[in-house]
Amino acid sequence: MTFVTLSNASPRLVRPQIGSVTLSLIVAAYLVFLTNRTFWAKAIDYLGLPSFAVVLMGIGLLALFSAVCIAVSVKYLTKPLFILLVMAAAVSSRFMDHFGTIIDLDMIRNAAETTGSEAGHLLTAGFVTHVAIFGIVPSLMITAIRIRHRPFPQKFMWNTAFVLSCLAVFIAVGLANVRTLAATTREHRDLMATLNPVAPIVSVIRYVRASGAEKNLIVQPLGTDAHVIAPVASGKPRVTIIVAGETARAENFSLGGYGRMTNPKLAARGVRYFSDTSSCGTATAVSLPCMFSIYTRASYTHEKGLETENLLDVLTHAGVKAEWWDNNTGSKGLASRIPYTSFSDINDPRFCIDHECIDAVHLDRLGSWLDNVKGDSVLVVHQIGSHGPGYYQRYPDTFRRFTPDCRTPELGNCSHDEIVNAYDNTILYTDHVLSEIIDMLKLRQGKMAGQMIYMSDHGESLGEHGLYLHGAPYFIAPSQQTHVPFVLWQSPEARTGIDAACLDTKTGEPQSHDNLFHTVLGMMNIATRVYDPALDVIASCRVNAAS
């Protein structure tokens, strides 16, 4: 490395000068060893330490990253590309190292569809500090240096030689370690999913390609034959409120046996709680459209969800009024053909701060909506629920029962007990919101046959296995992210003809998001070719089910 003066007038100001190959090797080493803490922690955990396999992996990855960096060290492109790699690695490592996040396609989609207020909870002082140290400072250093490039013929020859040499080392190391690595990556698929910045960049590319293809999709009709079989005997309208929960995990519901009383009001209202329910995904962008789709988790894809009408469309075909109220990041396209209200857009100062509202905003309007119901209706209430990391912002002070609670989105500044206390308070507040909805339906039993069904979209990790928040790939996701609460309440008139003892037995059987589509159709007494009674949790308990 040499130094050159910036100008004759300022001889003391010099710019370090470095060859493009040397810089490529430095950047490669930086990326491999300083922005991959999560990857190396997993590698050491899976392969052991001391381990010759870990050493060989380090040599192989350094050779591979060096080959890539040297290959792209083209004049005028070197600095922008290296800075892009360094910044991508810095941002990704923050979420990988701090929350245990794996940045796959679904995580990129979830991030792309989030709101500014939601994203703001992650842009903490800790995030800024991390990105400054691991991203901005190295990027400024790259900007400040002067890169020496050989004349093109020489550069092509030398760079080709270096790239081929690096690839030869990578292949040799891989062959020497192939059995160990193959067995490890086959058993622990999450290892390579944390290789930074390779995995995040690949995920972004996959998302961009998928988004481009999705623009040409045409929504196909579903259940156009749907119709209400028969009205309620009294002639009252059927009214079902679907509460799409957010980030509530079953493990912290006292209805399911949790040691703390987090569901006192629901327990007093005679609800049915399905204790063994699984989500379709671990992030809203996957779970929400999946749970309202006709597809099971095994057959669902994002593309299928977009190109097929959903539960709300089938209800509309049957003549049922369907509406969506949102206090989250949107309906993910589910409500594009029905009336839709975004409370974060309204930003009512009684409930909202900077377009982020507590769930009481739903309760404020629900009574009036119910009073104006004219016929069979379904209302979807999409909660903010327990969304983190700012759990303390999801409930008012009157629901700070479990203290001390974490009062910052920077979870690293709180103890585990404080994080759990704040999270449990969000569940306690959801218990209140659901109970208020039930009470409003009860109050109007003389005018309607009311029902409420609640399912959370996914769960949440609170530090178990070193993971926080949600969004882990399903194949490695812990139960805290996939085991979700499922609550059902029906007014006496709505549950007419249902064997209570039979339904009680169903609460202990495995259920999932697969059941929502068909259970709601059954609750609204709708017949259609796309209805599957086997996936309706109530169907087999109807007195006339056999007929």
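Residues numbered from 1 in each chain as written. Predicted model: local features only at pLDDT ≥ 70, side-chain atom pairs only at ≥ 80, totals over all residues. Heavy atoms only, no water.

Undergrad: What's the story with the layout of surface pockets in this structure? I'm lost.
TA: Taking a probe equal in size to a water molecule and rolling it over the atoms shows the remaining empty space. Space inside the largest pocket adds up to approximately 660 Å³. Surrounding the largest pocket, 27 residues form its lining, Thr496, Gly522, Asn525, Arg542 and Asn544 being those nearest its centre. Elements with a minimum of two residues in the lining of the largest pocket: helix H20 (516-523) and strand E19 (526-527). The element that contributes the greatest number of residues to the lining of the largest pocket is H20, accounting for three residues. Grouping the amino acids of the lining of the largest pocket by side-chain chemistry returns 16 nonpolar, eight polar and three charged. (1 Å grid on protein atoms, 1.4 Å probe; cavity = no way out; pocket = protein on both sides within 12 Å on 5 of 7 lines; lining within 4 Å. Points joined across faces, edges and corners; volume = space filled by probe spheres on them. Helix = DSSP H or I, 4+ residues; strand = E, 2+ residues; numbered from the N terminus. Nonpolar A, V, L, I, M, F, W, Y, C, P; charged D, E, K, R; others polar.)

Undergrad: I'm lost on the pattern of salt bridges in this one. Help?
TA: A side chain of one charge can pair with a side chain of the opposite charge when the charged atoms of the two come close. Summed over the entire model, instances satisfying the criterion amount to 23 salt bridges. Of the charged contacts in the structure, one is a salt bridge between Glu410 and Arg94, with a shortest N-O distance of 2.8 Å. One end of the pair, Glu410, is in the loop between strand E12 (377-382) and helix H17 (416-443); the other, Arg94, is in helix H4 (residues 78-99), and 316 residues separate them in sequence. Measuring nitrogen to oxygen at the nearest pair gives 2.8 Å for the salt bridge that ties Arg337 to Asp313. Linking Arg337 in the loop between strand E8 (321-326) and strand E9 (340-342) with Asp313 in helix H14 (residues 311-317), this pair joins segments that are 24 residues apart in sequence. (Salt bridge = Lys/Arg side-chain N within 4 Å of Asp/Glu carboxyl O.)

Undergrad: Whenever I open this one, the packing of H4 against helix H7 (residues 125-144) confuses me. Can you help?
TA: The description of two helices packed together rests on the angle between their axes and the distance between the axes. The N-to-C vectors of H4 and H7 enclose an angle of 165°; their axes lie 9 Å apart at closest approach. With respect to their mutual orientation, H4 and H7 come out roughly antiparallel. Where H4 crosses over H7, the handedness of that crossing is right-handed. Touching Lys79, Phe82, Ile83, Val86, Met87, Ala90, Val91, Ser93, Arg94, Phe95 and Asp97 of H4 are Gly126, Phe127, His130, Val131, Phe134, Gly135, Ile136, Pro138, Ser139, Ile142 and Thr143, all from H7. Looking at the contact of H4 with H7 residue by residue, the classes come out as 13 nonpolar, six polar and three charged. (Axes fitted to C-alpha atoms, helices over the stretch in contact; angles between N-to-C directions. Parallel < 35°, antiparallel > 145°, perpendicular 65-115°, else oblique. Left-handed = near helix turned anticlockwise from the far one by under 90°. Contact = heavy atoms within 4.5 Å.)

Undergrad: Please clarify how empty space enclosed by the protein should be interpreted in this entry.
TA: If you walk through the whole model with that rule in mind, you get two cavities of 30 Å³ or more. Approximately 50 Å³ is the volume attributed to the largest cavity. As for the largest cavity, its lining consists of Phe99, Gly100, Thr101, Ile102, Leu467, Tyr468, His470, Gly471, Ala472 and Gln481. Along the lines of polarity and charge, the residues of the lining of the largest cavity split into five nonpolar, five polar and no charged.

Shape is all these values report; function is a separate question.
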